[in-house]
Amino acid sequence: MKKIYLYGNWKMNMTVAETKKFFEDFAPVYAQFKNDSGLEVGVFAPFTSLWAAAEGAKANGVVFGAENIYFEPKGAFTGEVSIPMVKETGATHVILGHSERRHIFGESDELVAKKTKAALDAGLIPVFCYGETLDERESGHTFDVMTRQLDAILKILSPDEIRKVIYAYEPVWAIGTGKSATSEQAQEVCEWSRKLIKDPNVVILYGGSVKGSNAKELLSMKDIDGALVGGASLKPASFIEIYAEYKK
Ligand code: PGA
């Protein structure tokens, strides 16, 4: 039986008070799976809520991380947050290259690659996101785009580092739209990614409108090791329901 990674990306949601409330509600919902070694739960919180997330994650035995970092350790980078600042909270993971960072904030493949390398150098596990837009898919460029995004990191990382990265295939057209990729579409890309990465054991998640109702078919696919969940991760019940449905 494969291990399932259920990671929640809170995006720009969850104040400190809301984070505390989340974990209060989370404990009873998660209780039934707390000792399930086939599940790893993680939450990714905004910077200001990281300390509160640290407390809640520790109390519940789940992992937590940030949603971004800057690659320089310190200095004149107004508004940025460094890896040491994030690590100080106890965070072990960081989401990098999310499509909202790439498309709304203009992060390039090179910048995402620098951040990925810096995170690995500092011992943070990157959750590296990649995926195509609807235009790119419809014009037949899905695999060119993803080759470009993945190559940017594969060409600068050692095989050992490549193995430590958690990959998250997130088609941009499926994020926050309610319209998930079909399990066949997601499987096709995850299988293809595994071949491109040339390591059969890397962890590859699918993200984009994952919820209880589509969890079983998506997570049952051979090359999908888990889900990166946005909307449905904001409430413990809808978040944990994803794993409960998979197990049914
Ligand atoms: P969604 O977001 O589940 O709300 O589609 C996923 C993500 O952006 O990671």
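Structural notes, computed from the coordinates. (Residues numbered from 1 in each chain as written. Predicted model: local features only at pLDDT ≥ 70, side-chain atom pairs only at ≥ 80, totals over all residues. Heavy atoms only, no water.)

Re the overall build of the chain
A count of helices and strands for the chain gives 11 helices and 8 strands. By the compact-globule yardstick of 18 Å for 248 residues, the chain fits well, its C-alpha radius of gyration being 17 Å. Overall, the chain is about 50 × 45 × 30 Å in size when its C-alpha atoms are taken along their principal axes. Out of the 248 residues in the chain, the part that is buried amounts to 54%. A fraction of 73% describes how many contacts in the chain between residues 6 or more apart in sequence connect residues 24 or more apart. Accessible surface computed for the chain: about 11200 Å², of which carbon and sulfur atoms make up 56%. Positive and negative charge centroids in the chain, built from 29 and 33 side chains respectively, lie 4 Å apart. (Helix = DSSP H or I, 4+ residues; strand = E, 2+ residues; numbered from the N terminus. Rg over C-alpha atoms; globule rule 2.2 N^0.38 Å. Buried < 20%, exposed > 50% of the residue type's maximum accessible area, 1.4 Å probe, protein only. Contact = heavy atoms within 4.5 Å. Areas by Shrake-Rupley, 256 points an atom, 1.4 Å probe, with all protein chains shown as cover. Lys, Arg positive; Asp, Glu negative; His and termini not counted. Charge placed at Lys NZ, Arg CZ, Asp CG, Glu CD.)

Observations concerning the side chain of E40
For E40, the position within the fold is in strand β2 (residues 39-45). A relative accessible area of 17% places E40 in the buried class. Not counting residues within four places of it along the chain, the set of residues in contact with E40 comprises K3, I4, Y5, L6, Y7, V63 and H93.

So, the site of the ligand
The full set close to the ligand counts 13 residues, and K11, H98, E170, G176 and S209 are the nearest of them. Separating an oxygen atom of the ligand from a side-chain N or O atom of H98 is a distance of 2.7 Å. Residue G176 places a main-chain N or O atom 2.6 Å away from an oxygen atom belonging to the ligand. Starting from 290 Å² of accessible surface for the ligand in isolation, the protein chains cover 95%. A breakdown of the residues in the shell around the ligand according to their chemical character gives 4 nonpolar, 7 polar and 2 charged. (Near = heavy atom within 4 Å. Polar contact = N/O pair within 3.5 Å; in protein donor to acceptor, adjacent residues only side chain to side chain. Nonpolar A, V, L, I, M, F, W, Y, C, P; charged D, E, K, R; others polar.)

Points about helix α2 (residues 50-60)
For α2, every residue scored as buried is listed here: L50, A52, A53, A54, G56, A57 and N60. As for α2, its buried residues are in contact with α1 (16-30), β2, β3 (63-66) and α3 (83-87). G61 sits one or two residues past α2 and shows a positive phi near 70 degrees.

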